[in-house]
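So you can see what is in the structure, the chains are spelled out below.
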Amino acid sequence: MIVNRRQFADFVGVSERVVGRWVAQGMPVRRQGGKGRALEIESSDAVGWMIEQHLTAELGERTGSADDTAPMSEHRAALLQQQTRKLRLANQKTEGDLVPADQVQSTFTEVATIYATQLDSLAGRLAAGNAVERQRVFDECRRIRTETADSLQALVDALERRGSGEAAAEADAVGVGGGEAPAAEGSG
């Protein structure tokens with residue numbers, strides 16, 4: 001994904017000045033900025049360069065003798081991992097691989113309403129002349145509807161407990177036929 005300096009800085013969680021310094025140090029760019037043209041950065045190439053720089057620095061620190069650099073290296077590695085994850089999610093959102101959670105919720109609500117309405121009318125359609133049979137079918141439809149609603153609510157609760165609300169594809173399936181949870185992105 002091609003981004004400008006500000007967008008890339010936001011993706012990786014640094015200032016635009018740091019991005020400028022990286023460009024000066026050799027971070028690959030698609031097009032140099034200047035004279036009214038914005039700097040264009042191919043994010044995947046730039047992240048690859050960042051990882052390479054990090055590994056080079058890490059190897060350099062390992063050959064050094066100071067043991068106190070290890071915690072800082074681990075911190076930098078964790079930070080780089082989080083920044084890479086943030087960039088990957090931003091790319092997935094841009095490419096349409098993630099769906100905003102509010103859109104998923106809206107769609108599920110529509111489908112659930114249609115499902116519930118059809119399920120409620122099923123008893124009358126199947127057992128039009130037999131009141132006892134109609135009640136039995138109606139009760140079974142209500143049981144299925146309640147069980148489905150409870151399973152969907154358990155899934156929503158599990159996703160909300162995750163806190164981040166992003167990449168719901170990682171969520172455990174909760175009583176929904178053992179299937180995968182839908183890929184969704186948090187709305188916040």
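Just above, that's the structure.
Residues numbered from 1 in each chain as written. Predicted model: local features only at pLDDT ≥ 70, side-chain atom pairs only at ≥ 80, totals over all residues. Heavy atoms only, no water.

Student: Explain the nonpolar core residue by residue, including any values.
Tutor: Counting 19 residues, the largest nonpolar core has Phe8, Val19, Trp22, Met27, Ile41 and Met50 as its most contacted members. Of all the secondary-structure elements, those providing two or more residues to this core are helix H1 (5-12), helix H2 (16-24), helix H3 (43-63) and helix H4 (69-94). For Trp22, the residues in contact, after removing those within four places along its chain, are Phe8, Val12, Val14, Met27, Trp49 and Met50. (Core = buried A, V, L, I, M, F, W, Y, C linked by side-chain atoms within 4.5 Å. Buried < 20%, exposed > 50% of the residue type's maximum accessible area, 1.4 Å probe, protein only. Helix = DSSP H or I, 4+ residues; strand = E, 2+ residues; numbered from the N terminus. Contact = heavy atoms within 4.5 Å.)

Student: Describe the pattern of salt bridges, with residues and values.
Tutor: The full count for this structure, using the stated rule, is 6 salt bridges. Close ionic contact of Glu147 with Arg143 constitutes a salt bridge, the shortest N to O distance being 2.9 Å. Taken together, the residues span about one helical turn, with Glu147 and Arg143 both in helix H6 (residues 131-161) at a distance of 4 residues. What makes Glu147 partly exposed here is its relative accessible area of 48%. Its relative accessible area of 41% is what places Arg143 among the partly exposed residues. One salt-bridge network, held together by shared partners, links Arg30, Arg31 and Glu40. (Salt bridge = Lys/Arg side-chain N within 4 Å of Asp/Glu carboxyl O.)

Student: Report on H2, specifying residues and quantitative values.
Tutor: Within H2 the residues assigned to the buried category are Val18, Val19, Trp22 and Val23. Down the axis of H2, the sector holding all buried residues measures 145°, keeping them to one side. When the buried face of H2 is taken as reference, the exposed residues oriented beyond 90 degrees from it are Arg17 and Ala24. Immediately downstream of H2, the backbone of Gly26 shows phi near 115°, a positive value. (Arc of directions from axis to C-beta.)

Student: Account for the environment of Gln135, with residues named and values stated.
Tutor: Mapped onto the secondary structure, Gln135 falls in helix H6. Judged by its relative accessible area of 42%, Gln135 falls in the partly exposed class. The spatial distance from the C-alpha of Gln135 to the C-alpha of Gly124 is 8.8 Å, given a sequence separation of 11 residues. In terms of polar contacts, Gln135 uses its side chain to reach the side chain of Asp139, at 2.7 Å. (Polar contact = N/O pair within 3.5 Å; in protein donor to acceptor, adjacent residues only side chain to side chain.)

Student: Got a sec to walk through the packing of helix H5 (residues 101-126) against H6? Specific residues and values, please.
Tutor: At a minimum axis separation of 8 Å, H5 and H6 run at an interaxial angle of 165°. Accordingly, the angle class assigned to the pair H5 and H6 is roughly antiparallel. For H5 against H6, the interelement crossing comes out right-handed. On H6, the residues touching Tyr115, Ala116, Leu119, Asp120, Leu122, Ala123, Gly124 and Leu126 of H5 are Arg134, Val137, Phe138, Cys141, Arg142, Ile144, Arg145 and Thr148. (Axes fitted to C-alpha atoms, helices over the stretch in contact; angles between N-to-C directions. Parallel < 35°, antiparallel > 145°, perpendicular 65-115°, else oblique. Left-handed = near helix turned anticlockwise from the far one by under 90°.)

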